[in-house]
Amino acid sequence: MIQKDMISFSGQRNEPLQTYMEKFVLPECKKGKIRFFDDAQRVFIFCTDKQMQIDVAAANEDLLCDISVKKLLWLAENFRIWRDEYCAYNQVLNRDQMEWLLTLEPTGYGQMLLILGIFKQHGYDRLQSEQYLRAKSAVVRYHTLVFRYEQEHSKWDGLDAMLLDPSRRVRDYAAYILKKHTDINIITFYREELERQASKITLYSIGEHGTKAELEVIKPYLADECESICKAALHAYGKLAQSDGKDVYWKFLFDKRQVLARQAYRCIRKYEISYGVQQLYEAYLQKRLDFPADYLLMLLLEEPFWKRLPYLLMLNCDEKVTEKQRQIITAGIFRGYLYSGTSDQQTVNYMYSSVTNQQADMIRHLLERNKEHIPESVREKILFDLEHISKG
C-alpha cells in the first residue's frame, strides 16, 4: 500500500497507517494544523490507495500549497487516471489550481512543468493561449507559442508582434514560423522597426539575424546617449563584426560607463582577440587606478605564458598594485605550476614555445626580485622549463 522506501513520518506512531491518518493527520489538517501537512503530503504523493489519496486531498484547501511544482506534475503524470475524482473536490491539479500555482512559481523550470502540464491535461484552448502569450514569464510565452503552432500548423494574426518579444527564444521561434509560412524578410522587418524607434530588442535582433552589411546601420547607435541602447548596439556590433571589431571594443573598454566597458570586455574574450602584452601592459600602467585595470590584467592573462610572464613579474613586485589585482597577477604566474606533474597546455609546450636567452635572463632576474612572493617550488619549475626552451 505504501512504498516504504519513499515515505517517512516526522513523529513516532504505532498505529496502522489508515488509523493514523484517520485519527490524527486528517482531522488536524482540517483544523489547519500546519505541522501535520508534511505527513499528509507524503501520503498523498506516495500512497497507492485511491480512497486515501482522495481523503487527503479533500482534507484542507491549503494542504497542497507547499508541495513543489515538480511533485505536482509528477502526480499529474502518475495519477491522471484518478483526475476526475480529484477535480470533483476542486482541490488537486484542476486548471484553476495549476494556473494559480503558475502565478506563484518563481523558477523557470517550475513554470515550464506547470504550463506543459496544463496543455497535456486540458488540451488546446485558443482564447487561453492568447492570454498565456501575454504572460509575464518568458518561459510561459515560449512554450505556449510552440504548443499553439503544434496545434494550428500555420501562422496567425498578430504573430509578427512576437518578433519584438523581450525573449530571444520567443523571437526566434516566431521568426521560424513566419519564414515557413510567409515571404517575410526578417532583417528588413527589424531595420524598418529600428528606423521607426530605436530599442534594445531591435538592435539585439539585427545582431542575431543580420550580416556584416548591417554594421553601418548599427554604428550610429554606438554613440547613443542612452546607456542601454549603446550597450545593445555594442552587443549587436560584436555579433556581426566579431574579431574585426577589435578597435571598437578597445575604445569602449575605457568608457566611463562601466556597463559598456564590461560589454566590450565580454566581446574581447568571446571573440578571442589579442592586443599583445606590450599594449595591455602600457594601458594598465595608465589606468591602474580606474576600473578597466582589472579587465586589462585579465586580458594580459590570456596572452601566451612566456610573453606575459615578465610583465606579470614586474607588476608582482610593484607596491602600487591593489590586493585584488595582485591576486589576478599571482594567478597568471602560478597557473599550471601549483599542481604536481606537468604544467597546463597554455603554460608550456616544449615543441612550440621558445624564449631568447636575453628574455630568459630577464625572467630569471625578475624571479629573484620576486623571491618573497613566489613559492620556491614554482620558481624551480619555471627555471627548469627555461633551461629547455631558451634559445640564442
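Coordinates for the structure precede this section.
This text gives an overview of the structure that appears in the document. Within each chain, residues carry numbers counting from 1 in the order of the written sequence. With pLDDT at 70 or above as the cut-off, local features in this predicted model cover only qualifying residues; side-chain atom pairs require 80 or more to be listed or tallied, and sums for whole chains, interfaces and linings still use all residues. As a rule here, side-chain values come from all non-hydrogen atoms in the structure, and water together with hydrogens is ignored.

1. A word on unusual backbone geometry
Residue His-153 is not a glycine yet carries a positive backbone phi of 55°. In this text, helices come from DSSP runs of H or I with a minimum length of four residues, and strands from runs of E with a minimum of two, each type numbered from the N-terminal end. Residue placement: His-153 occurs in the loop between helix H9 (138-152) and helix H10 (168-181). Non-glycine residue Gln-242 carries a positive phi angle of around 50°. Mapping Gln-242 onto the fold places it in the loop between helix H14 (227-241) and helix H15 (246-253). A simple rule labels every residue: compare its accessible area, found with a 1.4 Å probe on the protein chains alone, to the largest value its type can have, and call it buried under 20%, exposed over 50%, or partly exposed in between. Its relative accessible area of 41% is what places Gln-242 among the partly exposed residues.

2. Regarding H9
Take the residue count of a helix, subtract one, and multiply by 1.5 Å to get its expected span. In this model H9 runs 21 Å from its N-terminal to its C-terminal C-alpha over 15 residues, within 8% of the 21 Å that 1.5 Å per residue would give. Taken across its 15 residues, H9 has 12 buried, putting it largely inside the fold. Among the residues of H9, those classed as buried are Val-139, Val-140, Arg-141, Tyr-142, His-143, Thr-144, Leu-145, Val-146, Phe-147, Arg-148, Tyr-149 and Glu-152. Of the surrounding elements, those touching the buried residues of H9 are helix H6 (95-104), helix H7 (108-122), helix H8 (126-132) and H10. The contact rule is simple, with two residues in contact once any of their heavy atoms fall within 4.5 Å.

3. What about the side chain of Arg-171?
Relative to the helices and strands, Arg-171 is located in helix H10. In contact with Arg-171, other than residues within four places in its own chain, are Met-162, Leu-163, Leu-164, Asp-165, Pro-166, Tyr-190, Ile-201, Tyr-204, Ser-205 and Glu-208.

4. What to know about the environment of Asp-294
Relative to the helices and strands, Asp-294 is located in helix H18 (residues 292-300). Separated by 30 residues in the primary sequence, Asp-294 and Lys-324 have C-alpha atoms spaced 8.4 Å apart. Once residues lying within four places of it in the same chain are set aside, the contact partners of Asp-294 are Lys-324, Gln-325 and Ile-328.

5. Things to note about the pattern of salt bridges
Salt bridges are defined as contacts in which a side-chain nitrogen from Lys or Arg sits within 4 Å of a carboxyl oxygen from Asp or Glu. In the structure shown here, the tally under the stated rule is 21 salt bridges. When the shortest N-O distance is used, the salt bridge between Glu-99 and Arg-95 registers 3.3 Å. One end of the pair is Glu-99 and the other is Arg-95, both in helix H6 and four residues apart, which spans about a single turn. Just as Glu-99 is buried, Arg-95 falls in that class too. Each of Arg-126, Glu-130, Arg-148 and Glu-152 takes part in salt bridges that share partners, so that together they form one network.

6. Regarding the nonpolar core
In this text, buried Ala, Val, Leu, Ile, Met, Phe, Trp, Tyr and Cys residues form a nonpolar core when linked through side-chain atoms within 4.5 Å. One finds Leu-145, Tyr-249, Trp-306, Ile-333 and Ile-382 to be the most contacted residues of the largest nonpolar core, which totals 85 residues. In this structure, Leu-114, Ile-118, Val-140 and Phe-147 belong to the second largest nonpolar core, which totals 10 residues.

7. Notes on the packing of aromatic side chains
Each pair of aromatic rings taken from Phe, Tyr and Trp, with Trp reduced to its six-membered ring, is defined by centres within 6.5 Å and is described as stacked if the planes are under 30 degrees apart, edge-to-face if over 60, and tilted in the remaining cases. Evaluated as defined, the whole model comprises 14 aromatic pairs. Between Tyr-142 and Tyr-173 the ring centres are 6.1 Å apart and the planes differ by 80°, which places this aromatic pair in the edge-to-face class. Taken together, the residues Tyr-142 in helix H9 and Tyr-173 in helix H10 connect sequence positions 31 residues apart. Assessed through its relative accessible area of 17%, Tyr-142 is described here as buried. Looking at Tyr-173, the relative accessible area reads 18%, which means it is buried. With a centroid separation of 6.3 Å and an interplanar angle of 80°, the aromatic rings of Tyr-149 and Tyr-176 are classed as edge-to-face. Of this pair, Tyr-149 sits in helix H9 while Tyr-176 is found in helix H10, placing the two residues 27 residues apart along the sequence. Accessibility expressed as a relative area gives 8% for Tyr-149, which makes it buried. Judged by its relative accessible area of 39%, Tyr-176 falls in the partly exposed class.

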